[in-house]
Amino acid sequence: MTGINSQKLKHEQIQYIEFLSKDIVRAKDFYTKCFGWEFTDYGPEYTAFAGDYVDGGFTHGEPVNGTILVILYSEDIEATKSKVIDAGGTIIKDIFSFPGGKRFQFTDLDGYELAVWTE
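Only a predicted model underlies this, so the values are computations on that prediction, with no experimental measurement involved. (Residues numbered from 1 in each chain as written. Predicted model: local features only at pLDDT ≥ 70, side-chain atom pairs only at ≥ 80, totals over all residues. Heavy atoms only, no water.)

S.K.: Give a description of the side chain of Ser21 that names residues and reports values.
M.R.: Here Ser21 lies in strand S1 (residues 13-21). Since its relative accessible area comes to 4%, Ser21 is described here as buried. A polar side-chain atom of Ser21 sits 3.0 Å from the main-chain carbonyl oxygen of Asp23. Ignoring any residue separated from it by four or fewer positions in sequence, one finds Ser21 in contact with Ala27, Phe58, Thr59, His60, Gly61 and Pro63. (Helix = DSSP H or I, 4+ residues; strand = E, 2+ residues; numbered from the N terminus. Buried < 20%, exposed > 50% of the residue type's maximum accessible area, 1.4 Å probe, protein only. Polar contact = N/O pair within 3.5 Å; in protein donor to acceptor, adjacent residues only side chain to side chain. Contact = heavy atoms within 4.5 Å.)

S.K.: Help me get a handle on the pattern of salt bridges, residues and values and all.
M.R.: A complete count under the given rule lists six salt bridges for this structure. As a salt-bridge pair, Glu62 and Lys22 come within 4.0 Å of each other at their nearest N and O atoms. You can see Glu62 sitting in the loop between strand S4 (55-60) and strand S5 (69-73) and its partner Lys22 sitting in the loop between S1 and helix H1 (24-35), a full 40 residues away along the chain. As a salt-bridge pair, Asp94 and Lys81 come within 2.6 Å of each other at their nearest N and O atoms. Here Asp94 is found in strand S6 (residues 90-98), whereas its partner Lys81 is found in helix H2 (residues 77-86), with 13 residues between them in sequence. (Salt bridge = Lys/Arg side-chain N within 4 Å of Asp/Glu carboxyl O.)

S.K.: Could you give an account of the nonpolar core, with specific residues and numbers?
M.R.: Listed in full, the 10 residues of the largest apolar core are Leu9, Tyr16, Tyr46, Ala48, Leu69, Ile71, Tyr73, Phe98, Ala115 and Trp117. Among the secondary structure elements, those contributing two or more residues to this core are strand S3 (46-49), S5 and strand S8 (113-118). The element that contributes the greatest number of residues to this core is S5, accounting for three residues. With residues up to four places along the chain from it excluded, the contact list for Tyr73 reads Leu9, Lys10, His11, Glu12, Gln13, Gln15, Trp117, Thr118 and Glu119. Among the nonpolar cores identified, the runner-up in size contains seven residues, and Ile77, Val84, Phe106 and Leu114 belong to it. (Core = buried A, V, L, I, M, F, W, Y, C linked by side-chain atoms within 4.5 Å.)

Dropping the structure here:
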């Protein structure tokens, strides 16, 4: 999630969505043709797009209903993680580093999976 405009970063708000795609090249072509999205590739299995309000990306995988990963931004990832746990959420991927920062993933009380990231 490098290159994200810091003016878009709002603490604990949805900031990024991630889709699974069997064919990332095909997905890029579709969304470019439909909506004029522009992409930045981060290797053969990941591409990102930027929007005015929400950014996102496509990673290689088998799409099924419900596989869009909603990602929230946090100014203090440890504090946000604590709030998720205190509210009854379940951490399913503890904080890990990636080229754009750090993130963790959790499920809410209904079983929806979300993620939180920070620079």
